[in-house]
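# Breakdown of the fold
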Amino acid sequence: MSEAFKMDEAQPRLLDETGQGLIGEPLDRPEGRLKVTGQARYSAEYAPERMVHGVLVRATITRGRVTGFDDSAAQALPGYLGLFHGPRFIRNPAQGMADEAPCQPGESIDYHGQPVALVVAESFETARDAAARIVVHYDEAPGAPVAPDTGEIEENEKRKSVQGDLEAAMAGAAAVVDAEYTTAGHAAAAMEPHAAIAEWRDGRLLMHGSLQMIRFNKNELADALGVSPEAVRILAPYVGGGFGSKLGISSEHVSAALAARALERPVRVVMSRQTVFDAVLRRTETWQRLRLGADKDGRLTAIGHEDRVSNLEGEGFAEPVSAATRFLYSAPNRLIRQHISRNHRTPSGSVRAPGEAVGMFALETAMDELAEKLGLDPVELRLRNIPERHPVTGQAYTARALAESLREGAKRFGWDQRPETGSRREGEWLIGMGMAGAGRSNMLVPSAARVTLSRDGALVETDMTDIGTGSYAILGQIAGEMLGLPIDKVAVHLADSDLPGASGSGGSFGASSSGSSVFLAARKIREILAQRLGCKPEELKVSGGEVSGGGTRAKLADLLPEPISAEAKIEKGKTAESHFSAGFGAHFVEVAVSEVSGEIRVRRMLGVFGIGRVLNEKTARSQAVGGMVWGVGSALHEELGHDPRTGHIVTRDLANYHIPAHADIPRDMEVVFLPERDDQANPIQSKGIGELGISGSGAAVINAVHNATGLRLRHFPATPDKVLAGWADGR
Amino acid sequence: MKITLDVNGVEKTLDLDARVTLLDALRDHMGLTGTKKGCDHGQCGACTVLVDGRRINACLSLAVMHDGDQVTTVEGLGTPEEMNTLQREFVSCDGYQCGYCTPGQIMSATGMMAEAAEGAPSHVSESLTAPADLDDAEIAERMSGNLCRCSAYPFIREAISRAHAAQTREGRE
């Protein structure tokens, strides 16, 4: 049986009544044993019989057409099996939730490093050698714009939002900030390179693919290949990180499937690390202008946030830089605008917290500057500007822990010990504290799951993925909590496209969306158990193999002559119109800045968050800390550099693109989740946490640098050269 | 070329293309996929294994250079049913998320603790000759060749620190 549920009204907090003691508990990940012993198999780690190896051939021009391939030098290699290309090849990965094939450009080249063909050979070593021997002939169209200020600039009308009169409010304000900021492009750089093994069995494609959103990916791949979705099965039980980079299908999937069909052999294609940088969607660089005006009491009268991002012509995605600016603080006069530069860099797409991750650098460092101008504590400035209703849409907020997070964080961190700017020193190190607000919108995305209860326990089945996020853990906990089972009696099967289609992992909506579908399926089973026992569903108690309610009692096994299976699908409903749901919080950071080298070291961080019901305290904490570390990375280290002639990414490996390492991150990374239930978000009252940690954390680092040094850094990453230049400019 | 390797205590003879890295020999020719390929350039540490007790990036070494060597991979430390102390602590501390860098972190930590026990100093050691106390700064420094994009760093170091304390206790007893 199947239930379709729309989130039209708040639901009873059933998970507070079930009393099994599983939900929220910091349980170990059930798949952890496999991960630490090397037994968890990722996409490249299957070895079907007769498998051969593919290596992508990529464009060495920025714009133009391929006029031909010459593989005669490769033909000489024993084990060379052929060169594959053609109209079904894709230009770049599908954007998140595209649900259809991305651009299939034919001979067209639109960026340096674009995959144009696949070489296949009996061994990886031969394929790699052969790929280097392929000569590609081009008709180059020189002069392609490859910098954001040289291409065509168009306004993104969808993002435009004007309320009141910003200019007039700025002119009349007691204190103003009007500054420009830039953030570098970022790479998701998941540790597992993009990988695919394609195998055709009786006309049906079996794809082991490192992917985040199987329900969408199946349709994307089918569309790209020109087959029906039923002819595609995708498996991705373990995914070595995604962060947005595996939302949509990419070249390795399509090329492997095409070659496998032609060769009638399984084909494996794994991107080299450099290909991952060149040919997977990056986070755009941004230019931003942030304007704030306030009255003398620190009440905002004006917020203006203008930005420029870049993407290739035809790509529908534009980083929503001002996302948090729309909902975090009140101000009667508002202006939000976005421009998109159309250029020929590697196309851009979603990377962890698209929007907030970069937009909050400007908003939250500007708030710090405004607080200084007003002589107000930055925590207090934020407390004075918490809106009653969503400032743009007028919606009511759901549970919102912004004020509590600010107060609780200040107390726990020892914010009252914050030194006067530039006053605390330990040898060559200047010490400072900074803070920022946190906000990340929360969504409910259609998601389905099946739960089966038998005498042996429960089985959860959905095509939801676990990309390190903890899906295996939390979905088991929800089912166990609802059905009165200990956690070792719940099995969770994920990431098989033949299972009910889930939201997938993205946008921090995975846990709540897929968790809700598991909850609803289990609730359906509870209703059947209540019926069999003869009580009302709300009276039902299930625990320790016993079922009771309405004065009667039975053994669970006796109510299960045959297993009960229920499927449920959730989608958003009226509460998403009446209410605005987001995770909120506050970041606090202490840094040390070397007066000698300009090096910035993070000494401790605290994040206080309200994320509705916490489903597993341990995996939630890991997600939060992960986000906070990403904030450090984007504040201090991470930068995609581009060759000014070709647009080609030059920081295209893990030596040149510096993601935080152990030595960059302190042990003292504290996370506090405030008790909260978000009744309008979904029936399990939870919210996402995967992206809230990065939303604002980088700004808190930069604000701490200001407190330590007096410098206002506005161009990120704030590498030591920028610190030294800031001092040279006049300290 | 024909070589013989001792992998996790089992002797294996392989006939390999000279271009095959130790990493690909393990993953593709011996089915030991616990050792991960993250960058193939010695930049991320996901492929860390022990060769004759010392940690190396298996991607930077050709298999044919290791004829007769003893190689230890994550599969040689424990099994899902019987994890070793370090593996247990990684699970308990949530010292991972996606799990892809995890075998490398665990192998690197294993090699690192042995180096420290032998008195090898690091960049942050107070003394070049006195034995190093494996505090958090030492562990962070010595583990910085192992990247984790999920950023489980604090929890990885907590796991290593706990396993090290347990080892030290056992050593004293």
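Residues numbered from 1 in each chain as written. Chains lettered and ligands numbered in written order. Predicted model: local features only at pLDDT ≥ 70, side-chain atom pairs only at ≥ 80, totals over all residues. Heavy atoms only, no water.

## As for the pairing of strand β13 (residues 232–235) of chain A
Residue and element names in this part refer to chain A. Across four bridges, the pairing between strand β12 (residues 204–209) and β13 is parallel. Residue pairing in the sheet places L206 in a bridge with R233 of β13. Taking the sense of rotation as the criterion, the β-α-β connection linking β12, helix α5 (residues 214–225) and β13 turns out right-handed. (Pairing = 2+ DSSP bridges. Helix = DSSP H or I, 4+ residues; strand = E, 2+ residues; numbered from the N terminus. Right-handed = clockwise from strand over helix to strand, strands pointing away.)

## Brief notes about the domain arrangement of chain B
All names here are of chain B. Domain annotation for chain B reports domain 1 (2–76) and domain 2 (85–172). Once you take the C-alpha centre of each, domain 1 and domain 2 turn out to be 22 Å apart. Both sides of the domain 1 and domain 2 interface together cover about 1,300 Å² of buried area, and 53% of this is carbon and sulfur. Across the domain 1-domain 2 interface, the total number found is two salt bridges. Here E115 makes a salt bridge to R55, at a shortest N to O gap of 2.8 Å. Across the contact surface, domain 1 and domain 2 share eight residue pairs in polar contact (both at pLDDT 80 or more). Those elements giving two or more residues to the side of domain 1 that touches domain 2 turn out to be β3 (48–51) and β4 (54–57). Taken together, the residues of the side of domain 1 that touches domain 2 break down into five nonpolar, seven polar and five charged. (Domains from an automatic or database assignment. Buried area = accessible area lost by both parts, 1.4 Å probe. Salt bridge = Lys/Arg side-chain N within 4 Å of Asp/Glu carboxyl O. Polar contact = N/O pair within 3.5 Å; in protein donor to acceptor, adjacent residues only side chain to side chain. Nonpolar A, V, L, I, M, F, W, Y, C, P; charged D, E, K, R; others polar.)

## Thoughts on helix α1 (residues 22–29) of chain B
Counted residue by residue, α1(B) has six buried out of eight residues, so it is predominantly covered. Taken together, the buried positions of α1(B) are occupied by L22(B), L23(B), D24(B), A25(B), L26(B) and R27(B). The inward-facing, buried residues of α1(B) contact α3 (124–133) of chain A together with β1 (2–7), β3, β4 and β5 (70–72) of chain B. One or two positions beyond α1(B), positive phi appears at G31(B), with a value near 70°. (Buried < 20%, exposed > 50% of the residue type's maximum accessible area, 1.4 Å probe, protein only. Contact = heavy atoms within 4.5 Å.)

## Some points on the sheet that holds strand β22 (residues 457–461) of chain A
Residue and element names in this part refer to chain A. With respect to topology, five strands assemble into an open sheet ordered β1-β27-β21-β22-β23, the strand pairing being mixed. With partners counted over all chains shown, the strands left at the sheet margins are β1 (2–7) and β23 (490–493), one partner each. Each strand axis lies, on average, 20° off the axis of its neighbour in the sheet, ignoring direction. Relative to strand β27 (residues 564–572), strand β21 (residues 447–454) is paired through seven bridges, and the arrangement is antiparallel. In the strand pairing of β27, S447 is matched with I570. Sitting on the sheet, helix α12 (residues 471–483) is in contact with β21, β22 and β23, with an inclination near 140° to β23. Running at roughly 135° to β27, helix α13 (residues 510–533) makes contact with β1, β21, β22 and β27 of the sheet. (Axes fitted to C-alpha atoms, helices over the stretch in contact; angles between N-to-C directions.)

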